[in-house]
Amino acid sequence: MSNKNHQSRWEYGSELHWQSTLELKALCQGETIHEILPHAKLHGTGCSTIRTILNYGKDTRGWQRVWVPTYLISDVIAAIADSSLTVEYYQDNPLLKSPGLPEETLTSSDVLFRLNYFGWRGTEAILSPTDTGCDIIEDHCHDPIGPWAQNSQATYCLTTLRKVYPLPDGAILWSPIGEALPDEPELTVSHLSAVQNKLSGMLLKQIYLNGGSINKADFREKAIVGEEEIGGECGISGISELSRYFLSILSITQLSQRRLDNFQTFNELASDSVKAYIEQGQLKQSCYPFSIVFRFKDRAQRESIRSALIQEHVYPAIFWDLPTDLKDSQGLEFSSTMLSIPCDFRYTTEDMQRLAIILDSAISTCSDLAKS
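Residues numbered from 1 in each chain as written. Predicted model: local features only at pLDDT ≥ 70, side-chain atom pairs only at ≥ 80, totals over all residues. Heavy atoms only, no water.

A. Seen up close, the overall build of the protein chain. The number of helices and strands found in the protein chain is 15 helices and 11 strands. Against the 2.2 N^0.38 benchmark of 21 Å for 372 residues, the protein chain shows a C-alpha radius of gyration of 21 Å, consistent with a compact globule. Considering only contacts within the protein chain whose residues lie at least 6 apart along the sequence, 73% involve residues at least 24 apart. When the accessible area of the protein chain is evaluated, it comes to approximately 16200 Å², of which 49% is carbon and sulfur surface. (Helix = DSSP H or I, 4+ residues; strand = E, 2+ residues; numbered from the N terminus. Rg over C-alpha atoms; globule rule 2.2 N^0.38 Å. Contact = heavy atoms within 4.5 Å. Areas by Shrake-Rupley, 256 points an atom, 1.4 Å probe, with all protein chains shown as cover.)

B. Up close: the sheet that holds strand S6 (residues 135-139). If you trace the 7 strands from one edge of the open sheet to the other, you get S2-S8-S7-S6-S5-S3-S4, paired in mixed fashion. On the outer flanks of this sheet lie strand S2 (41-43) and strand S4 (86-90), each paired with one strand and no other. In this sheet, neighbouring strand axes are inclined to one another by 20° on average, regardless of whether the strands run parallel or antiparallel. As defined by bridge partners, S6 adjoins strand S7 (residues 156-159) across 3 bridges and the pair is classed as parallel. Looking at S7, one finds that Ile 137 is bridged to Tyr 156. Running over the sheet, helix H4 (residues 46-60) touches S2, strand S3 (65-69), strand S5 (110-115), S6, S7 and strand S8 (171-174) and is turned about 30° from S8. Where helix H5 (residues 74-81) meets the sheet, it contacts S3, S4 and S5, and its direction lies at approximately 145° from that of S4. (Pairing = 2+ DSSP bridges. Axes fitted to C-alpha atoms, helices over the stretch in contact; angles between N-to-C directions.)

C. Geometry of the packing of helix H8 (residues 189-209) against helix H9 (residues 216-229). Packing of H8 against H9 brings their axes to within 7 Å, and their N-to-C directions diverge by 155°. By the angle between their directions, the pair H8 and H9 is classed as roughly antiparallel. Of the two possible hands of crossing, H8 and H9 adopt the one that is left-handed. Residues Ser 193, Ala 194, Asn 197, Lys 198, Ser 200, Gly 201, Leu 204, Lys 205 and Tyr 208 of H8 touch H9, and the partners they reach there are Lys 216, Asp 218, Phe 219, Lys 222, Ala 223, Val 225, Gly 226, Glu 227 and Glu 229. (Parallel < 35°, antiparallel > 145°, perpendicular 65-115°, else oblique. Left-handed = near helix turned anticlockwise from the far one by under 90°.)

D. Up close: the pattern of salt bridges. Enumeration over the complete set of coordinates arrives at 22 salt bridges. We note a salt bridge from Asp 135 to Arg 61, for which the minimum N-O separation is 2.7 Å. One end of the pair, Asp 135, is in strand S6; the other, Arg 61, is in the loop between H4 and S3, with 74 residues separating them in the sequence. Note that Asp 143 is salt-bridged to Arg 259, the shortest N-O span being 3.9 Å. Of the two residues, Asp 143 is situated in the loop between S6 and helix H7 (147-150) and Arg 259 in helix H11 (residues 252-269); the sequence distance between them amounts to 116 residues. (Salt bridge = Lys/Arg side-chain N within 4 Å of Asp/Glu carboxyl O.)

E. Molecular detail of unusual backbone geometry. The peptide bond linking Phe 319 to Trp 320 adopts the cis configuration, its omega dihedral lying at -5°. Of note, Phe 118 is a non-glycine position whose phi angle comes to about 60°, a positive value. When you line up the elements, Phe 118 lands in the loop between S5 and helix H6 (129-132). The residue His 313 is not glycine, and still its phi comes out positive at about 70°. Summarising the element assignment, His 313 is placed in the loop between helix H13 (299-311) and strand S10 (314-315).

F. Seen up close, the environment of Thr 132. Positionally, Thr 132 belongs in helix H6. Not counting chain neighbours up to four residues away, the residues in contact with Thr 132 comprise Leu 106, Leu 112 and Leu 127.

G. Representation of empty space enclosed by the protein in the model. If you walk through the whole model with that rule in mind, you get 1 cavity of 30 Å³ or more. Roughly 30 Å³ of volume is contained in the largest cavity. (1 Å grid on protein atoms, 1.4 Å probe; cavity = no way out; pocket = protein on both sides within 12 Å on 5 of 7 lines; lining within 4 Å. Points joined across faces, edges and corners; volume = space filled by probe spheres on them.)

The structure is reproduced here in structure tokens:
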């Protein structure tokens, strides 16, 4: 395949691809998640950790009601609802200067579910069960080793590691205050099947990006099927042996630092017109941002720029499509105007430069069209 055709395979975002041997070796330079959290339990998915800990807390800690933030992905809400605990909502979203909390007085039969959106929150977000009057579960998927996660005083914490690792599956559950943890679940046949599809998609995408004779539809089909299946029947499963092994050697500190380096590089390279739309929320020093978040004037502008980016093979994500009847107007407005673009280990300085140029062009073109 010619170099010209190879260059046309460039894309940014979307599904993770499998990394080369040299890149995997580079990602082993630093502390592993096991070294930072030696007593944690591994699961196949984050939803598996949620279902497991809620069932465990209901049976052993007397939980009857779980409080969840208004700004939350529907898949997590569904996993929480599977516990049969009463689900109540409190207002919290990425733009609140101080993390939200329920207005109602909480008791020992409650459990409070909290979230670090995009890794923006630091030690100011720390609360203990003594502060709230009930147990606390924290979701640190967007920054597994940031200052909030590392200094947490919650009863339990969890994170979906496959969101920040080059792996088809993986999640982790731990207790910062040393509470007993439920045993790791068995690896299910249905979860293993999903992992095989995800891994096939990752490997096929690597071949595609390297110029091999692979159609884009081939790896997309495998990746989509795997994502739909992952979690298995009822969504509780152990982790695949492949991911278990790589978690023992890949460095979570290296992966986190790569995100921060790329985030800072992009901010340095971006034009003023691009910087005007970068939303950093309440990003604190020493946090590792999950992605580059953009916030546009309205949904129409967001969709126009999103379409322009896709034309240039940049695939942004929306976190998340929320129900229109959500009782959180600020959260709804943010959801309808934001885009998230990754800045993880896959990308080089050259990629960040190319991304900055594409975004500048997309924003300028869409602005010109709006004026005409």
